[in-house]
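Reading the structure
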Amino acid sequence: MFGYQCIATDGKARLGRLQTPHGKVETPVFMPVGTAGSVKGVTPDQLIAAGAGMILGNTYHLMLRPGAETVARLGGLHRVMAWEAPLLTDSGGYQVFSLAHMRKLSAEGVTFQSHIDGSAVELTPAKAVYVQRLLGADVIMQLDECPPGQADHDAVAAAVERSARWARLCRDAWREPLTGAFQALPCHSTQGKYQALFGIQQGGVHADLRAASAAALVELDLPGYAVGGVSVGEGHEALCDVLDAIDDQLPRNRPRYLMGVGEPRDIIAAVIRGIDMFDCVLPTRNARNAQAFTWQGRLRLRNARHAEDAAPVDEMCGCYTCRNYSRGTLRHLFMAKEMLGPTLVTIHNLHFFSTFMTAIRKAIAAGTLKASANAWLAAIYEGGDEEGEKESEVL
Ligand SMILES: [Zn+2]
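This structure is a prediction, so every number in the text was calculated from the model and none was measured.

Below, the discussion takes up the nonpolar core. Counting 84 residues, the largest nonpolar core has Leu-258, Phe-356, Ile-360 and Trp-376 as its most contacted members. No other element matches the 10 residues that helix H16 (residues 340-366) contributes to this core. Apart from residues lying up to four places away in sequence, Leu-258 is in contact with Val-227, Val-230, Leu-239, Leu-243, Ala-270, Ile-275, Met-277, Phe-278 and Asp-279. Grouped together as the second largest cluster of nonpolar side chains are 18 residues, Val-25, Leu-56, Val-139 and Met-277 included.

So this is what it looks like as structure tokens:
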């Protein structure tokens, strides 16, 4: 019910296909983030029209509210989100280490304080798997320890060791037959056994720890592997250094997922180094701040220069927003704080990311990814309202 097939390569870049219980996904794929049971401000119909093929839900948020058992009783996360296409949940680890007030970290797991009611919540490898079984996504993630970006070698080494142990415990829990109360829940008596468990490589920017982490995971022979612990302030060059090694560290017949990375230049760099899956809040969060991605740079739609601009966000874009609304209208909606503004720009940004990934897949098939990527990145980062501002530093 789950599988990965590599269809073509261009250097280390891979054109592939994921098979899941809820359908196929062409890779490389970008997954919009549906944090707490919704991709903020857009309906599943709008997501599909914007080209989204697979989305992500956050276990941390859902286990605290409404609770994984409640989601299961409502028919599972697919049903709750009215999303019948492929779905991935993270383990909650990243949010525990970045958002929550952590109480205690041990060999067994982590105890943290809920940001909603202050109660103490324990997350262990077995519980992370159990909760994700209740949610019922097609791909679930191991619990891992995400050390902060500035952690030293010893601290990262300890996190790698702990994450490797937790990966094994998650694998054991994932292999357990479904029993007891779980089996009694509607719609979920069988779905759990079709879920694919991905391990997560840690190791920060340290090549030796990245290699050790990957080796420990590969031993477990999991359906897929993720690269975690990046996008924590290490910068583009350090990210590239980490990714340079992954094609040799992770098996070529399994999907590879780079967690939390969404800057177009990082996506390109990662695809070139053999990554297949991405997720990031960038297109949706920036949309809610009136920032639109285009092939000619980013637009700040609150900018006064758009007030009487009758052109769409992007003349080349075929999304619902660009077919129906001008920059001037969008600016007005944001200035008037109309909720339609964030919805419309979210639709456009998701369409941009989907189109961007389609262009990447076509270029891999044609064997022209590197040449195409240079031209795209020059246009994406040099034009728009932010020309000469911080975006130029990103190059
Ligand atoms: Zn558009």
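Past the structure itself, the notes keep going.
Model confidence for the chain is summarised by a mean pLDDT of 93, while 94% of its residues fall at 70 or above. Across residues 388-395 the pLDDT falls below 50, and counting only partners more than four positions away or on other chains, this stretch makes 10 contacts in the model.

Looking at the metal site, the zinc ion is ligated by Cys-317 (SG), Cys-319 (SG), Cys-322 (SG) and His-348 (ND1), spaced 2.1 to 2.3 Å from it. Coordination geometry of the zinc ion: the four donor atoms subtend angles of 99 to 118° at the metal centre, consistent with an arrangement described as tetrahedral. Read from N- to C-terminus, the donor residues coordinating the zinc ion fall into the pattern C-x1-C-x2-C-x25-H. The buried category is assigned to Cys-317, whose relative accessible area is 13%.

Our focus in this paragraph is the packing of aromatic side chains. Counted by the stated rule, this structure contains 12 aromatic pairs. Relative to Trp-376, the ring of Phe-356 lies with its centre 6.2 Å away and its plane at 65°, an arrangement referred to as edge-to-face. You can see Phe-356 sitting in helix H16 and its partner Trp-376 sitting in helix H17 (residues 369-382), a full 20 residues away along the chain. You'll find Phe-356 and Trp-376 in the same group, each marked buried. Members of the aromatic cluster, each reached through a chain of ring pairs, are Phe-30, Phe-293, Trp-295, Phe-352, Phe-353, Phe-356 and Trp-376.

Glancing now at the side chain of Gln-202. Mapping Gln-202 onto the fold places it in the loop between strand E12 (196-201) and helix H9 (207-218). For Gln-202, the side chain forms a polar contact with the side chain of Asp-144, separated by 2.7 Å. Beyond its immediate chain neighbours, meaning those up to four positions away, Gln-202 contacts Asp-144, Glu-145, Cys-146, Pro-147, Val-160, Ser-163, Leu-209, Arg-210, Ser-213, Gly-228 and Gly-229.

Turning next to helix H15 (residues 327-335). Buried residues of H15: Arg-327, Gly-328, Leu-330, Arg-331, Leu-333 and Phe-334, and no others. Summarising the contacts, the buried residues of H15 are in contact with helix H13 (282-288), strand E17 (297-300), helix H14 (320-324) and H16. Among the residues trailing H15, Lys-337 stands out with phi positive, at a value near 55°.

Within the secondary structure, Arg-273 is located in the loop between helix H12 (264-272) and strand E15 (277-279). Under the relative-accessibility criterion, Arg-273 is labelled buried at 18%. There is a polar contact of 2.7 Å between the side chain of Arg-273 and the side chain of Asp-244. What Arg-273 contacts, discounting residues up to four positions off in sequence, is Lys-12, Cys-240, Leu-243, Asp-244, Ile-246 and Asp-247.

The rules behind each value
Residues numbered from 1 in each chain as written. Predicted model: local features only at pLDDT ≥ 70, side-chain atom pairs only at ≥ 80, totals over all residues. Heavy atoms only, no water. Core = buried A, V, L, I, M, F, W, Y, C linked by side-chain atoms within 4.5 Å. Buried < 20%, exposed > 50% of the residue type's maximum accessible area, 1.4 Å probe, protein only. Helix = DSSP H or I, 4+ residues; strand = E, 2+ residues; numbered from the N terminus. Contact = heavy atoms within 4.5 Å. pLDDT = per-residue confidence, 0-100. Donors = N, O, S within 2.8 Å, 3.2 Å for Na, K, Ca; no water. Tetrahedral: all angles 85-135°; square planar, octahedral: opposite > 155°, others 65-115°. Phe/Tyr/Trp six-rings, centres within 6.5 Å; stacked < 30°, edge-to-face > 60°. Polar contact = N/O pair within 3.5 Å; in protein donor to acceptor, adjacent residues only side chain to side chain.

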